[in-house]
Structure formats: structure tokens, C-alpha cells
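# Structural overview
Each chain is listed here by its residues.
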Amino acid sequence: MAAQRGYDLLLCYVSDTDTVQLERQLASHKVDGVILSRTMSDDPSIDLLQQYGVPFVAIGRIENDDIPQADNDQLGAASEMTRVLFQMGARRIAYLGGSGTYTVNADRLRGYLRGLAEFGASADQSLIRTGIETDALEAVLEQHPDCLLCCDDRIAFDLMRELRNRHIRVPEQLRLASLYDSELLAGTTPAISAVQFDAERLGSTACRMLLDVMAGKDIPLRQVQGYQVILRESTK
């Protein structure tokens, strides 16, 4: 889409402590617009972009409603998956998530907690692990969960492999689901239940929003994409 309008694409790495690459590009005054591909709480890139006055769109949630945002419905997806697992009989659903620095992870955890509340269940903090330390699975298994809900595909893939190494059968002894589906999960046995988002559509939406902002058009500042909960063998 960007190429069709005569723009080139440049990738820059940033983190919560490193914005050197982005700052170098902005200082060169050769950047027309920026898409932030993964937003963080207290994101240093936002302050930098505002300082340089460069138009930008964020993929993910940002507290500032004046900033254009394209996002998937992470909250709704995590909430629905949690409710579905309850409907299938799970009662002790452990949540294993990534760093809360990234808003996508924070939103998925909020969705899990909302799903529990909507089913009338209270959150058991001993079943929640974020930041995923090396002993997270061991700590969670000691709490005797009947289902593992993983924040993303990488965590789900790694946990499935570790459960196999421990001779824990999925789903007979322990169910497992992921809040993000990808090709990484395509070859797992059993197949993993997961939330499916349209990554290409999300990227296209963010790009279209940025081009419209650069053209001076008025746009809805937050555009949220839907999802599908795909149930497979790992939760039967």
C-alpha cells in the first residue's frame, strides 16, 4: 500500500530503553511517517515522535486518545477464550503471559481477568505468571491447574514441548490454549486451540491510517479489528 503511493519502508528497532535507531532516522529529517508496531506503556518512542513532529500511528493500545491507533480486540478475545474454557469444564485456568511492559500483554491479562469475573470466578493469583520466568511452569503445576492459557504462540509452543518432556498428556491430563495463533503452532500435536487475528489486515489498516493522516484527512483515531476463537484438540 505504501509503495503504491511512492513511499519506501524502513524498519527500526526500539525498546523501552533503546530508541537510538529511531532517533537517528528522525534526526535525518528523511522520515515522512512512522508506524509503531508494538506499543509499550510509557512508550519512549511516542515522546520522541511528538518532539520531532512526525506523523505516526500506533499498532496497539495507547492511553492518549488523541494518537491514531490500530489494534486487535485483545481484551474481548482473551475474555471470550477464558469464558469458553469455563464452558468446556475448566475451573482452574492458569495464565502465563509476557512482560506487562507491552500493552498487548497487559490487555490480554485484563481480558483473562474479565472472563473469570463474567463467569463469577475470582482470580487466584497463584495461577497467574507474567514476565515468564524459567520456573513459571513448575510453579503453576504445583497449584494443580486443569488448563494453561498462554498469552502468545511462543509461550504455548514452548509449554507444549515442556509438557511432553514431562510426560503430561494434553488434553487428557491438562488442557492448553493460546491467545495468539500463528504458523508456529501449525505443526504441534495435539493442535492448539488459539485466538486467530488477521495480521495482514491490521497492518494494512495502520498503513492506510498513516497515509490518511499525512494527507491531512480526518479519521477515526482508534480502529479495532475482530478475531476468531479456534477450538482444536488441546482443549477437548
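These numbers come from a predicted model, not from an experiment. (Residues numbered from 1 in each chain as written. Predicted model: local features only at pLDDT ≥ 70, side-chain atom pairs only at ≥ 80, totals over all residues. Heavy atoms only, no water.)

### Quick notes on the side chain of Arg 129
Residue position: Arg 129 is located in strand β5 (residues 128-130). Aside from chain neighbours lying at most four places away, what touches Arg 129 is Tyr 95, Leu 96, Gly 97, Ala 136, Ala 139 and Val 140. (Helix = DSSP H or I, 4+ residues; strand = E, 2+ residues; numbered from the N terminus. Contact = heavy atoms within 4.5 Å.)

### Details of the packing of aromatic side chains
A complete count under the given rule lists four aromatic pairs for this structure. With centroids separated by 6.1 Å and ring planes inclined at 25 degrees, the aromatic side chains of Tyr 180 and Phe 197 adopt a geometry described as stacked. A residue pair is termed long-range when its members are at least 10 positions apart, and Tyr 180 in the loop between β7 (175-178) and β8 (193-196) and Phe 197 in the loop between β8 and α7 (199-214) qualify at 17 residues. The buried category is assigned to Phe 197, whose relative accessible area is 11%. Put simply, the rings of Tyr 180, Phe 197 and Tyr 227 touch in pairs and so form one group of aromatic residues. (Phe/Tyr/Trp six-rings, centres within 6.5 Å; stacked < 30°, edge-to-face > 60°. Buried < 20%, exposed > 50% of the residue type's maximum accessible area, 1.4 Å probe, protein only.)

### Focus: the sheet that holds β8
The strand order across the open sheet formed by six strands is β5-β4-β6-β7-β8-β10, and the pairing between neighbours is mixed. The sheet is open, and its two edges are formed by β5 and β10 (228-230), each paired on a single side. Mean inter-strand twist for the sheet, computed between neighbouring axes without regard to direction, equals 15 degrees. Contacting β4 (93-97), β5 and β6 (147-150), helix α4 (residues 103-118) crosses the sheet at an angle of about 170 degrees to β4. (Pairing = 2+ DSSP bridges. Axes fitted to C-alpha atoms, helices over the stretch in contact; angles between N-to-C directions.)

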